[in-house]
Structure formats: structure tokens, C-alpha cells
Amino acid sequence: SAHNCYSIAKSFTSCALGILEGEGKLRDTDRLFFYLEAPHDEKWDEVTLRDVCLHKTGTPAEANIDIDVEDFWAEGKTDFLQYVLSQPLLYEPGEGPFVYSDMNYYLLSRVVEQVTGRTTAAFLQEKLFNPLHFRGNAWGTCPQGHTLGGTGLFLRARDLAAYGYMLACGGVYESRRLLPQEWIEKAKGAPGTYGYGFFNTPDNSYFVAGGMYGQTLYVFPSTHSAVAIQGHGVQTEEVDHTIVPLYL
């Protein structure tokens, strides 16, 4: 069955940007508000897509917005874009602390939508999910119908493993390039750091996308292999893990 992979969704939104960069339709150095139109503090004008990918927009830690938290929905927030842009920027974009937030990848999802004229989910259905032969998936939306971007993507373990295998093979699946190799190198991050939706190991031997409750994707470029783990439950409880390695 399909499980919510939580923050692994961020890596998929990153890949949507990578596909568009490969098509020459945007660059990670572009300013966020080249693509968005909404009232905002002028400090946001300096924020680049790269800053958003790296969770370094300049917002303080208390502005971290987790849209997996039930209270966020219960409070009746309907305009997610306006809400995140109401947060103050206390640091220079790209220079402040790492502040992890689902809302950063919601912003990126809105950029993908602006560029393509489709939701991020619909765009990736054509560009990634169908070529990888996903067998049932769904992606949650905000109250206005925009793909959440940072969470809420439901996938089967087999499909997550196929995605990881594509990444391990440098963006190629069944002899078809789906994602630029150059984007993968940027997205996985420098050794021991967070990149664009992924964490890289200190020795640069493999990189990981992870979500709450044990969802994990391990990508091993040196052996062209990936391991996907899906489950749901608090970390201390036993969960049903499905491990699907794929090899060339």
C-alpha cells in the first residue's frame, strides 16, 4: 500500500526544479519573487531558489511551519503563501541559520506551478512518476489546491525504490534521462550537509532522503543501487518495513 513519505516529498519537489533547470526554464540562482506574486516584506526580494532549497531564507527558528502538525490545519489557515510571507526575515538570505520548514518546499512547489501552469503533482506525474512506472500515488494539497511540496506524498515502497535507483544511476532510468546529473550533484549536498531535499554522508559515499516514522530512501551511486523503507508508527514501535533493493 501507499504510505505518506512525509519529508521525502521535499526531494521530489527538488527534482521538479531540477527538471525545469535542465529544460532551461529556471535556475536555482533565480530570485524567488521572479516567479511569485504576493504581498511580502521587501527583504524577501533577495531570497533565491537555492536559499529556499537549503532552508536558509533568513526566517528565525520560531517561524518553522510544520504542515504535518494537526493544529496548523485546525487553526483554519487557508492562504499558505500569505502566511509564510508574513514571517519576518531576521537574517540575510543564505547567510542565516539552517531553519528546516515544510513551508520552504511549499514555496518551491508554487514556483513549479507558476512555471509549468500545472500543479507540482501533475507535472511530476508526467515527467517522473509515469516513466518510473509508479503504481498508485497521491499528493496532498493546501486548502487552495496547490501541491504541498514539503510533505503529504503517498507512495508504495517499490515506487520509492525505483526513484532512488534512478538517482543512483545519475538521473537515467530504462535508458531515458529523467533528471540532469548536474542537479543530482547539487541536490545531494556537500559531504556531511543537507542539500536540496537530501542529506549527504560525511564521506560522500551515499545520500539519503528521510521522513517521519521511519520513511527512508538510501541512494548508493557507486553500486547503482537504492534501498527504500516505508512504515508508519512512532519511532519506538515496531513498524512494517518493506525493503526493495534494485540493481543494474
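Per-chain numbering applies: the sequence of each chain, read as written, is numbered from 1 onward. Only residues with pLDDT of at least 70 are given local features in this predicted model, and only at 80 or more are side-chain atom pairs given and counted; all residues enter the totals for whole chains, interfaces and linings. Each side-chain value is worked out from all heavy atoms of the structure, with water and hydrogens disregarded.

### Things to note about the nonpolar core
Okay, so step 1: Counting residues in hydrophobic clusters, the biggest one holds 71 residues, and the most contacted among them are F12, L32, L128, Y163 and L167.
Okay, so step 2: Those residues in contact with L128 that sit more than four places away from it in its chain are F12, C15, Y163, M166 and L178. Residues grouped as a nonpolar core are buried Ala, Val, Leu, Ile, Met, Phe, Trp, Tyr and Cys residues, joined through side-chain atoms within 4.5 Å. Accessibility here uses a 1.4 Å probe with only protein chains present; expressed as a share of the type maximum, an area under 20% marks a residue as buried, one over 50% as exposed, and anything in between as partly exposed. Should any heavy atoms of two residues lie within 4.5 Å, those residues are counted as being in contact.

### A few points about unusual backbone geometry
Okay, so step 1: The phi dihedral of H55 falls on the positive side, at around 60°, and the residue is not glycine.
Okay, so step 2: Helix numbers and strand numbers start at the N terminus; a helix is a DSSP run of H or I with at least 4 residues, a strand a run of E with at least 2. Relative to the elements of secondary structure, H55 occurs in the loop between α2 (49-53) and α3 (70-74).
Okay, so step 3: According to the relative accessible area criterion, H55 is buried, its value standing at 1%.
Okay, so step 4: A positive phi angle is found at S175, which is not glycine, with a value near 65°.
Okay, so step 5: Mapped onto the elements, S175 comes out in the loop between β4 (172-173) and β5 (176-177).
Okay, so step 6: Note on S175: relative accessible area 79%, which makes it exposed.

### Some points on the pattern of salt bridges
Okay, so step 1: What counts as a salt bridge is simple: a side-chain nitrogen of Lys or Arg found within 4 Å of a carboxyl oxygen of Asp or Glu. Going through the model one piece at a time under the given rule, you end up with 10 salt bridges.
Okay, so step 2: For E21, the salt bridge identified is with K186, shortest N-O distance 2.7 Å. Residue E21 is located in helix α1 (residues 8-22), and its partner K186 is located in helix α8 (residues 181-187); the two are separated by 165 residues in the primary sequence.
Okay, so step 3: What makes K186 partly exposed here is its relative accessible area of 29%.
Okay, so step 4: R118 is the salt-bridge partner of E126, the closest N and O atoms lying 2.7 Å from each other.
Okay, so step 5: Salt bridges linked by common partners bring E21, D28 and K186 together as one network.

### A word on the sheet that holds strand β8 (residues 216-220)
Okay, so step 1: Spatially, the 4 strands line up as an open sheet ordered β6-β7-β8-β9, and their pairing is antiparallel. Two strands bound the open sheet, and with one partner strand each, they are β6 (199-200) and β9 (225-229).
Okay, so step 2: Across 5 bridges, β8 lies against β9 in antiparallel orientation. Its bridge partner being in β9, Y218 is matched across the sheet by V227. One requirement defines pairing of two strands: DSSP has to find at least two bridges between them.

### Looking at the packing of aromatic side chains
Okay, so step 1: Aromatic pairs are defined between Phe, Tyr and Trp rings, using the six-membered ring for Trp, whenever the two ring centres lie within 6.5 Å; interplanar angles under 30 degrees are classed as stacked, those over 60 as edge-to-face, and all others as tilted. Per the stated rule, a full pass over the model turns up 17 aromatic pairs.
Okay, so step 2: On the basis of an interplanar angle of 75° and a centroid distance of 6.5 Å, the ring pair of F12 and F134 is categorised as edge-to-face. Within this pair, whereas F12 is found in helix α1, its partner F134 is found in the loop between α6 (120-129) and β2 (138-139), the two being separated by 122 residues in sequence. As far as burial versus exposure is concerned, F12 and F134 are alike and both buried.
Okay, so step 3: Relative to F220, the ring of Y218 has its centre 6.5 Å away and its plane inclined at 15°; by these criteria the two rings are stacked.
Okay, so step 4: The class for Y218 is partly exposed, based on a relative accessible area of 27%.
Okay, so step 5: Through successive ring pairs, a cluster of aromatic residues spans F12, F129, F134 and Y163.

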